[in-house]
Amino acid sequence: MGRRTLLATAGWLAAAVVATLIGVAAIRLVGESITGTPGGVRSQAEVERALAAPVPVSPPTASPSPAGSGPTSPPGAAAATPGLRRSFATPGGTAVAECVGADVRLVSWAPAQDYRVKDVDRGPDDDAEVTFAGPAGEFEVKVGCIGGEPVARPGDGD
């Protein structure tokens, strides 16, 4: 009976080693998507540059915007052209918007560290907005469309 116990123990240990090796190999195959951030960790400056860059989208097929039909952006605003997504940043967070015909739609929004989303009106509508609340107060991103281009709108205090 001692030999049978020894064989059972050896078999159990071999199975445990094989299962562990298979698990480690699977994690290595999957790679960074489980164990890390693909492409490494980005600095705050890199993230801000990426958020500030407009992201081109396909123009609407039903009613394309005529070229040059809208006014120019206000001074200090990032340049954007019709059919583009545009990001808007506040100390409380960032939102990305796009025009859908004459209406605007928030594509995404993300609160800054230590902030939360208090309220959001995604649209599509004549304006869309998201409010971030945190330790320094509330920050609202309110956007609309002018000439097929997302533009920031001042809050009206409501």
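An account of the accompanying structure is given in this report. Everything numeric in this text was worked out from a predicted model, so none of it was measured.

We now examine unusual backbone geometry. Put simply, Gly123 and Pro124 share a cis peptide bond, and its omega is 5°. Looking at the secondary structure, you find Pro124 in the loop between β5 (116–121) and β6 (127–134). Not every positive phi belongs to a glycine, and Asp114 is a case in point at roughly 75°. The residue Asp114 is located in the loop between β4 (103–111) and β5 in this model. Asp114 gets classed as exposed once you look at its relative accessible area, which sits at 61%.

Considering all chains together, one arrives at 1 disulfide under this definition. A sulfur-sulfur distance of 1.9 Å marks the disulfide that ties Cys99 to Cys145. The chirality of the disulfide connecting Cys99 with Cys145 is left-handed, given an S-S dihedral of about -115°. On the criterion of sequence distance, the pair formed by Cys99 in strand β3 (residues 93–100) and Cys145 in strand β7 (residues 137–146) is long-range, its members being 46 residues apart. When sorted by exposure, Cys99 lands in the same class as Cys145, which is buried.

Cut-offs applied
Residues numbered from 1 in each chain as written. Predicted model: local features only at pLDDT ≥ 70, side-chain atom pairs only at ≥ 80, totals over all residues. Heavy atoms only, no water. Helix = DSSP H or I, 4+ residues; strand = E, 2+ residues; numbered from the N terminus. Buried < 20%, exposed > 50% of the residue type's maximum accessible area, 1.4 Å probe, protein only. Disulfide = S-S within 2.5 Å.

The analysis is restricted to geometry; functional conclusions fall outside its scope.
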